[in-house]
Amino acid sequence: MVRYQALKGLYEVERTIGCGGFAKVNHWRKVAIKIMDKISLGDDLPRVKLELKALQTLSHEHICKLFQVIETDGHFFIVMEYCSGGELFDHIVEKNRLSESESRMFFRQIVSAVAYLHSLGYAHRDLKPENVLLDRYQNLKLIDFGLCARPLDGMDSPLYTSCGSPTYAAPELVLGNQYLGPEVDVWAMGVLLYALLAGSLPFDDVSIDSLYKKDSAKFKAGKYEEPSFMSKESLRLINSMLQVDPKKRITVNKLLSHPWLTLGILDPVEVKMENSKCYDADCVNTMAKHHQVVADTMWDHLKKWKYDYHTATYFLLMGKKRRGSTLKMNSTAVRLPLSDKNM
Ligand SMILES: Cn1cc(Br)cc1C(=O)Nc1[nH]nc2c1CN(C(=O)N[C@H](CN1CCCC1)c1ccccc1)C21CC1
């Protein structure tokens, strides 16, 4: 059932989850399509532009990849990497809580992604288990960069005004003080690590209006339960992240080689970017052959990084090659002309 003309012939929508759609790309891979209705976005429209700008810059194995953007009068269709493992949140709920080693494996991936973000001057500013998805290989992928900002650009924070429950939000943010994105991310990562290990939240249902009740005193003092089953080392790490004073909070760079994260044989967390915008002869040649053009013509189109269908195909082929599968575009694959007008 193709409900949208803009997707006709490119993607067929297989089923929808939440307000997004999931589709199967014609030639072989499943993608996720965020379908955003411009009318209902209202004044949140700038967030979409912000997210698209950020996603086109970011390239990391634990950040959900942008493949294609289709904009029509009424909608944005944002074609992204499909994570078939669902939300980390559901994974924790299902297992009640995770072991130290499983938590460590996941948390190292989050630290790697956030350290990469911060190294580019970005901050996510809405880190929570719902925004961390699992792919089919149990790798984590960060999503929802609609609130991320480059504090260096002097972006003020839409987070405090437009976000949902600030359960993961740092005190300086909830109290409306001056704040820096990276420090807010570290606090949220502390809440995330606590959720992984404890299976519960350190500060439950902190909401702006409940701020003046007794339990909020605990939040303002950064006081939370320390379950007996949690190791001293993990509690020390969480404590260094849930520091009320942002100046006293550990930085992501310190986290990379923190003893709890490198416990046992593990090396410090790697922050390497994944350079998907590089020239890959195998992928270019596969596409050139399919479109019956010479490789140079194919690459001339691709290197404009228009985030059109050809960009999506290239990134999907790069992913396929990275996983060691053979590159082929079967005959049913769409033969879109290379002219500039197509998406
Ligand atoms: C929950 N789930 C279960 C399975 Br199986 C797959 C999924 C799933 O969501 N997979 C998935 N892969 N890639 C994506 C998704 C969801 N997803 C999303 O971006 N999902 C968010 C909604 N999430 C709900 C809680 C926080 C954000 C979204 C935001 C606006 C419009 C549509 C969707 C992307 C595109 C990046």
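Residues numbered from 1 in each chain as written. Predicted model: local features only at pLDDT ≥ 70, side-chain atom pairs only at ≥ 80, totals over all residues. Heavy atoms only, no water.

## Examining the overall build of the chain
Stage number 1. Scanning the chain from N- to C-terminus turns up 13 helices and seven strands.
Stage number 2. In the chain, which comprises 343 residues, the share counted as buried stands at 52%.
Stage number 3. Carbon together with sulfur atoms contributes 54% to the accessible area of the chain, which is approximately 16,100 Å² in total. (Helix = DSSP H or I, 4+ residues; strand = E, 2+ residues; numbered from the N terminus. Buried < 20%, exposed > 50% of the residue type's maximum accessible area, 1.4 Å probe, protein only. Areas by Shrake-Rupley, 256 points an atom, 1.4 Å probe, with all protein chains shown as cover.)

## Comments concerning the site of the ligand
Stage number 1. Taken together, 21 residues form the shell around the ligand, and within it A32, K34, E81, C83 and N131 come nearest.
Stage number 2. The separation between a nitrogen atom of the ligand and a polar main-chain atom of E81 is 2.9 Å.
Stage number 3. The set of elements that each furnish at least two residues to the shell around the ligand consists of β1 (11-17), β2 (20-25), β3 (30-37) and β5 (75-81).
Stage number 4. Of all the elements, β3 adds the most residues to the shell around the ligand, at three residues.
Stage number 5. Looking at the shell around the ligand residue by residue, the class counts come to 11 nonpolar, four polar and six charged. (Near = heavy atom within 4 Å. Polar contact = N/O pair within 3.5 Å; in protein donor to acceptor, adjacent residues only side chain to side chain. Nonpolar A, V, L, I, M, F, W, Y, C, P; charged D, E, K, R; others polar.)

## Re the pairing of β5
Walk down a regular strand and you will see the side chains alternate between the two sheet faces.
Stage number 1. In terms of burial, β5 is largely enclosed, as seven of its seven residues are buried.
Stage number 2. In this sheet, β5 lies alongside β3 in antiparallel orientation, the contact comprising seven bridges. The residue of β5 that forms the bridge with D37 is H75.
Stage number 3. As paired strands, strand β4 (residues 66-71) and β5 are joined by five bridges and run antiparallel to one another. Bridging across to β5, V69 finds its partner in I78.
Stage number 4. Taking the residues between adjacent antiparallel strands as the criterion, β4 and β5 are bridged by three residues. (Pairing = 2+ DSSP bridges.)

## Regarding helix α3 (residues 88-95)
Spacing of three or four residues puts side chains on the same side of an α-helix, whose turn is 3.6 residues.
Stage number 1. Taken as a whole, α3 has its buried residues at L88, H91 and I92. On an axial view of α3, the arc spanned by its buried residues comes to 95°, and they lie on one face. Of the exposed residues in α3, those oriented more than 90 degrees away from the buried face are V93 and E94. (Arc of directions from axis to C-beta.)

## A few points about the pattern of salt bridges
Any two side chains of opposite charge can pair if their charged atoms end up close together.
Stage number 1. Under the criterion given, the structure shown has 18 salt bridges.
Stage number 2. A salt bridge links K272 to E61; its shortest N-O distance comes to 3.4 Å. Separated by 211 residues along the polypeptide, K272 in the loop between α10 (252-256) and α11 (281-290) and E61 in the loop between α2 (45-57) and β4 bring together distant segments of the chain.
Stage number 3. E183 is paired through a salt bridge with K247; the nearest N and O atoms lie 3.5 Å apart. Here the residue E183 occupies a position in helix α7 (residues 181-198), and K247 occupies one in the loop between α9 (232-241) and α10, the gap between them amounting to 64 residues.
Stage number 4. Among the charged side chains, a salt-bridge network with shared partners connects K34, E51 and D144. (Salt bridge = Lys/Arg side-chain N within 4 Å of Asp/Glu carboxyl O.)

## A short note on the packing of aromatic side chains
Stage number 1. All chains considered together, the criterion is met by 14 aromatic pairs.
Stage number 2. Ring geometry for W305 and Y314: centres 5.7 Å apart, planes at 55°, overall tilted.
Stage number 3. Of the residues examined, Y314 reaches a relative accessible area of 0% and is grouped as buried.
Stage number 4. With a centroid separation of 6.0 Å and 55° between ring planes, the pair formed by Y307 and F315 is classed as tilted. (Phe/Tyr/Trp six-rings, centres within 6.5 Å; stacked < 30°, edge-to-face > 60°.)

## Remarks on the side chain of E51
Stage number 1. Topologically, E51 is positioned in helix α2.
Stage number 2. A relative accessible area of 3% places E51 in the buried class.
Stage number 3. Non-local contacts of E51, meaning those with residues more than four positions away in its chain, are made with K34, D144, F145 and G146. (Contact = heavy atoms within 4.5 Å.)

## Quick word on helix α12 (residues 295-302)
Stage number 1. Among all positions in α12, only M298, W299, H301 and L302 are buried. One side of α12 holds all its buried residues, which, seen down the axis, span an arc of 160°.
Stage number 2. Contact partners of the buried residues in α12: α11 and α13 (309-322).

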